[in-house]
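Structure assessment
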Amino acid sequence: MKVKHLLWISPLLMAFSFSSSAAYPTNYSCSAKSYTGKALNKVTVYAGGQGEAKGKAMGLWRGKALFHTIQCNKK
């Protein structure tokens, strides 16, 4: 097989592998504790994964939440 034929196959395989493992955005319900240990009100965010959901939730709490206490679950 010629090298130029392999060049167009590689991007197709990469696109297929990324599309099957890509995170689709969904709603997450997040809870956390404040710096004083009190439970904060739950928030709902629309995100592509738990990491993104935690970041968005942190923004909604405006820095009142301890990041390591944030728990986000799919709704």
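Residues numbered from 1 in each chain as written. Predicted model: local features only at pLDDT ≥ 70, side-chain atom pairs only at ≥ 80, totals over all residues. Heavy atoms only, no water.

Summed over the entire model, instances satisfying the criterion amount to 1 salt bridge. In this structure, the salt-bridge partner of Lys 56 is Glu 52, at a minimum N-O distance of 3.4 Å. Taken as a pair, Lys 56 and Glu 52 lie in helix H2 (residues 50–60) at a separation of 4 residues, close to a single helical turn. (Salt bridge = Lys/Arg side-chain N within 4 Å of Asp/Glu carboxyl O. Helix = DSSP H or I, 4+ residues; strand = E, 2+ residues; numbered from the N terminus.)

So, about the nonpolar core. If you look at the biggest cluster of nonpolar residues, it comprises 13 residues, and the most contacted ones within it are Tyr 28, Cys 30, Ala 53 and Trp 61. Elements with a contribution of two residues or more to this core: strand S1 (26–31), strand S2 (43–47) and H2. It is S2 that contributes the most residues to this core, 3 residues altogether. In this structure, Ala 53 is in contact with Tyr 28, Cys 30, Val 45, Ala 47 and Cys 72, ignoring residues within four places of it in sequence. (Core = buried A, V, L, I, M, F, W, Y, C linked by side-chain atoms within 4.5 Å. Buried < 20%, exposed > 50% of the residue type's maximum accessible area, 1.4 Å probe, protein only. Contact = heavy atoms within 4.5 Å.)

Moving on: the confidence of the model for the protein chain. For the protein chain, mean pLDDT is 81; residues scoring 70 or higher make up 69% of the total. Confidence drops under a pLDDT of 50 for residues 12–21, and excluding neighbours within four residues, the segment shows 1 contact in the predicted structure. (pLDDT = per-residue confidence, 0-100.)

With antiparallel pairing, 3 strands are arranged side by side in an open sheet as S2-S1-S3. Two strands in the sheet have a free side with no partner beyond their single neighbour: S2 and strand S3 (71–74). When the angles between neighbouring strand axes are averaged without regard to direction, this sheet yields 35°. Note that S1 and S2 share 5 bridges and pair antiparallel. Bridged to Tyr 28 within S2 is Val 45. Those strands touched by H2 are S1, S2 and S3, and its axis lies near 135° from that of S2. (Pairing = 2+ DSSP bridges. Axes fitted to C-alpha atoms, helices over the stretch in contact; angles between N-to-C directions.)

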